[in-house]
Amino acid sequence: MISILEELAEGQRQLSGPLVAAALTPVDTSEDPNRLQSFYNFSNAAQISTSLRHYLTQTCRLKIPKQELNAWIDLFSAYWKVVGELLKFGESSTRASWVQVFDNWRDLANVLIRAYTNFGFENWTISCLYVVGKYLRLFASKADAETSAQSSDAFYQEDATTDFGKNAKTEEAARVLNRMFTLCLNDRAPLEASRKWGVYYMTNLLFKTYFQINAVGLSKNLLRALSAQAKELPDLEDFPKSHIVTFKYFVGVIYFLDENYGEAEEHLAYAWKLCHRNATKNKELILTYLVPCHLVNTHTLPSKKLLSHSPRLETLFRSLCDCIRKGDLHGFDTAMTAGEEEFVRRRIYLPLERGRDIALRNLFRKVFIAGGFEESKDGQPPIRRTRIPVAEFAAALRIRTHADSRTRIDIDEVECLLSNLIYKGLMKGYIARERGMIVLSKGGTAFPGTGV
Amino acid sequence: MSNTQSEDKKAEASQQPQQQKPTVLEEDDEFEDFPVDDWPENETEQASGSTNGNNVHLWEESWDDDDAAEDFSKQLKEELKKVEASH
């Protein structure tokens with residue numbers, strides 16, 4: 001019993017894409033630890049086509065149109081070759097090579113693409129594109145890692161040579177994946193039988209590939225192609241949620257990297273809401289970008305509860321958020337320096353830095369609250385003191401920047417910080433310079449959105 | 001899932017002799033494949049988040065911290081006195 005062939009035959013009988021895709025998944029399973037080996041032993045290089053043909057038409061008595069049958073046989077012959085390459089890793093031989101695996105898998109991918117364009121593969125088989133695309137990317141990155149390990153073992157190690165062609169196979173994979181993307185996007189068949197249903201899956205694979213080789217800019221070509229076809233595509237909500245969430249996450253991050261935090265937040269929030277509740281790692285990744293977006297857009301912090309669910313997010317954001325909340329400028333600067341490497345690596349440094357304004361706003365808000373209330377007149381509700389000496393803000397800055405009493409804080413500098421916050425809409429009021437006072441807006445609007 | 005895991009193990013085992021240098025940096029940050037293709041509405045984060053389906057618990061609603069406000073008020077008064085004294 002050869003489980004790969006059984007899955008293939010059963011997939012053909014039921015016209016089930018997932019079953020055929022399972023056959024094309026190049027791994028051993030716990031149920032069948034010799035899955036690949038037993039398929040490989042099924043035949044040999046000279047006879048694999050004949051053996052497959054005999055198996056499908058005689059043993060399983062499948063009736064498949066001739067051209068299509070030939071395409072399946074070509075596909076699984078190509079697959080058989082890759083399996084041979086993969087098995088070399090188990091033989092502890094030195095002939096095993098991820099570059100070989102990749103090259104053979106790329107051939108398999110091309111056979112599959114041709115099966116769609118020339119030999120009438122129908123849309124029920126679309127899961128085959130998914131699994132072939134997925135492993136194409138995986139094998140490419142293993143091949144590139146292998147190549148770079150070998151070249152760094154070699155005696156020449158000049159920067160120019162090690163960097164050159166570092167991602168050669170991954171780039172090649174991206175080109176093949178792009179053809180698969182087009183194959184899905186441009187299918188003219190009616191929607192119910194269309195490969196268009198595969199378009200977001202392929203887009204997501206390409207996003208991952210482009211991010212991996214630091215070519216995020218190329219992602220925008222995909223977005224342009226998608227929006228040009230928007231009218232012909234099914235609604236996004238009608239796709240499986242795994243496709244939607246992944247797509248929305250990447251689109252959000254792409255806007256994020258463009259510093260378009262408004263658009264970014266919309267897409268990321270959408271991804272967050274639809275994400276599977278048990279997908280911890282993916283939820284953390286979404287929040288890694290959603291939290292800075294929200295800070296920039298609404299000047300609001302994540303709740304303690306949200307961070308407490310995830311140690312990774314705690315480490316990333318906790319101390320920064322505490323400092324922002326307390327208006328602790330010194331602490332904020334320290335936390336930014338401490339986290340700098342990680343923030344830069346995750347490309348969230350820039351928006352987080354904007355948190356300093358929020359920290360300053362919160363510090364000045366504390367000064368306002370410490371100022372207390374005017375004496376209320378005949379039963380009127382008490383009104384906060386809205387005229388505050390600039391010197392009080394200066395004193396607050398001294399406390400929070402850990403200046404000692406002899407360090408002078410320039411009043412001009414404080415006025416500059418105040419007018420900056422007013423300009424950014426974080427405070428409402430004006431500076432009465434001749435009196436050394438700041439006059440804040442009355443009626444709970446001095447610090448918009450914070451309740452006072 | 002067990003498929004990919006066994007695949008990864010196999011890959012690692014075969015690579016270890018020739019390669020110690022970790023390439024995990026990017027993998028660690030990569031958006032993972034979901035173990036299932038689709039899931040019902042009630043398994044989404046939105047549904048599990050709260051009863052009315054809104055992200056009320058996500059963000060801090062209030063900036064007020066009354067205990068700390070008093071502390072700060074005292075600290076501020078002391079600081080102002082210090083400044084006056086030094087003039």
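Residues numbered from 1 in each chain as written. Chains lettered and ligands numbered in written order. Predicted model: local features only at pLDDT ≥ 70, side-chain atom pairs only at ≥ 80, totals over all residues.

This part takes up the overall build of chain A. Scanning chain A for helices and strands turns up 21 helices and 3 strands. Its C-alpha atoms give chain A a radius of gyration of 30 Å, clearly above 22 Å, the size a compact globule of 452 residues would have. For the C-alpha atoms alone, the extent of chain A along its principal axes is close to 100 × 55 × 40 Å. Within the span of chain A, comprising 452 residues, buried residues form 43% of the whole. Sequence separation of at least 24 residues holds for 64% of the intrachain contacts in chain A that already meet a minimum separation of 6. (Helix = DSSP H or I, 4+ residues; strand = E, 2+ residues; numbered from the N terminus. Rg over C-alpha atoms; globule rule 2.2 N^0.38 Å. Buried ≥ 20, exposed ≤ 12 C-beta atoms within 10 Å, placed from the backbone. Contact = placed C-beta atoms within 7 Å.)

A tally of helices and strands in chain B yields 4 helices and 0 strands. Here chain B holds 87 residues, and 9% of them are scored as buried.

Our next topic: the nonpolar core. Residue and element names in this part refer to chain A. Ranked by internal contacts, the top residues of the largest apolar core, which has 136 residues, are Leu136, Phe139, Leu177 and Ile286. Counting contributing residues per domain, this core is built from domain 1 (3-155 + 162-272) and domain 2 (371-440), each supplying no fewer than three. In contact with phenylalanine 139, not counting residues within four places along its chain, are Trp98, Val101, Phe102 and Trp105. (Core = buried A, V, L, I, M, F, W, Y, C linked by C-beta atoms within 7 Å. Domains from an automatic or database assignment.)

Counting from both sides, the interface comprises 51 residues of chain A and, opposite them, 45 residues of chain B. Mapped by element, the contributors of at least two residues to the side of chain A that touches chain B are helix 7 (126-153), helix 10 (199-212), helix 12 (241-257), helix 13 (261-274), helix 14 (280-298), helix 15 (304-308), helix 19 (355-370) and helix 20 (390-400) of chain A. No other element matches helix 19 of chain A, which puts 6 residues into the side of chain A that touches chain B. Of the residues assigned to the side of chain A that touches chain B, the class counts are 21 nonpolar, 15 polar and 15 charged. (Nonpolar A, V, L, I, M, F, W, Y, C, P; charged D, E, K, R; others polar.)

Residue and element names in this part refer to chain A. Spatial strand order, 1-3-2: 3 strands in an open sheet with antiparallel pairing. Because the sheet does not close on itself, it has two edges, and the strands there are strand 1 (387-389) and strand 2 (429-432). Strand after strand, the sheet turns through a mean of 25° between neighbouring axes, direction not considered. Two elements, strand 1 and strand 3 (residues 437-440), share 3 bridges in a ladder whose sense is antiparallel. When the bridges of strand 3 are listed, arginine 387 appears paired with valine 439. Against the sheet, helix 20 contacts strand 1 and strand 3, and its axis sits at roughly 55° relative to strand 1. (Pairing = 2+ DSSP bridges. Axes fitted to C-alpha atoms, helices over the stretch in contact; angles between N-to-C directions.)

Residues and elements named next belong to chain A. Topologically, asparagine 214 is positioned in the loop between helix 10 and helix 11 (219-228). For asparagine 214, a count of 9 C-beta atoms within 10 Å translates into the label exposed. The spacing of asparagine 214 and serine 319 is 105 residues in sequence and 30 Å in space, taken between C-alpha atoms.

What follows deals with helix 12 of chain A. All names here are of chain A. With 17 residues, helix 12 extends 24 Å between its outermost C-alpha atoms, agreeing within 8% with the 24 Å of an ideal straight helix rising 1.5 Å per residue. The buried fraction of helix 12 amounts to 16 of the 17 residues, a majority that puts the element mostly inside the structure. Downstream of helix 12 by one or two residues, glutamate 259 has phi in the positive range, about 60°. (Expected span 1.5 Å × (residues − 1).)

So, on to the domain arrangement of chain A. Under the domain assignment, chain A is made up of domain 1 (3-155 + 162-272) and domain 2 (371-440). In this structure, domain 1 of chain A and domain 2 of chain A have C-alpha centres spaced 62 Å apart.

A separate point is the confidence of the model for chain B. All names here are of chain B. Within chain B, residue pLDDT values average 67, and 51% of them lie at 70 or more. Looking over chain B, one finds the lowest element-wise mean pLDDT in helix 1 (residues 2-15), namely 46, and the highest in helix 3 (residues 45-49), namely 80. Note that residues 1-27 has pLDDT below 50 and, in this model, 20 contacts with residues that lie over four places away or in other chains. Every residue in residues 51-55 scores below 50 in pLDDT, and together they form 3 contacts with partners more than four places removed in sequence or on other chains. ipTM for the predicted complex: 0.84, alongside a pTM of 0.87. (pLDDT = per-residue confidence, 0-100.)

Residues and elements named next belong to chain A. Positive phi outside glycine occurs at leucine 15, with the angle close to 50°. Relative to the helices and strands, leucine 15 resides in the loop between helix 1 (3-14) and helix 2 (17-23). Even without glycine at this site, asparagine 214 takes up a positive phi of about 60°.

On to the confidence of the model for chain A. On average, chain A scores 92 in pLDDT, and the residues at 70 or more come to 96%. The least confident element of chain A, judged by mean pLDDT, is helix 8 (residues 159-163) of chain A at 49; the most confident is helix 12 of chain A at 98.

Here strand 3 of chain A shows one buried face, formed by Ile438 and Leu440 of chain A, and one open face, formed by Met437 and Val439 of chain A. Taken together, strand 2 of chain A and the strand that follows it, strand 3 of chain A, pair antiparallel across an intervening segment of 4 residues, in which glycine 436 of chain A is found at a positive phi of about 65°.

Right, let's get into the environment of cysteine 275 of chain A. The residue cysteine 275 of chain A is located in the loop between helix 13 and helix 14 in this model. Residue class for cysteine 275 of chain A comes out buried when judged on the 28 C-beta atoms lying within 10 Å of it. With 33 residues separating them in the primary sequence, cysteine 275 of chain A and serine 242 of chain A have C-alpha atoms 7.7 Å apart. Apart from residues no more than four positions distant in its own chain, cysteine 275 of chain A is found in contact with Val245, Asn282, Lys283 and Ile286 of chain A together with Thr44 and Glu45 of chain B.

We now examine the pairing of strand 2 of chain A. In this sheet, strand 3 of chain A lies alongside strand 2 of chain A in antiparallel orientation, the contact comprising 4 bridges. Bridge assignment links isoleucine 431 of chain A to a residue of strand 3 of chain A, and that residue is isoleucine 438 of chain A.

Our next topic: the packing of helix 19 of chain A against helix 20 of chain A. Residues and elements named next belong to chain A. Two elements in contact, helix 19 and helix 20, have axes separated by 10 Å at closest approach and are oriented at 125°. The angle between helix 19 and helix 20 places the two elements in the oblique class. The element helix 19 and its partner helix 20 pack so that their crossing is right-handed. Along its contact with helix 19, which presents Leu363, Phe364, Lys366 and Val367, the element helix 20 presents Glu392, Phe393, Ala396 and Arg400. (Parallel < 35°, antiparallel > 145°, perpendicular 65-115°, else oblique. Left-handed = near helix turned anticlockwise from the far one by under 90°.)

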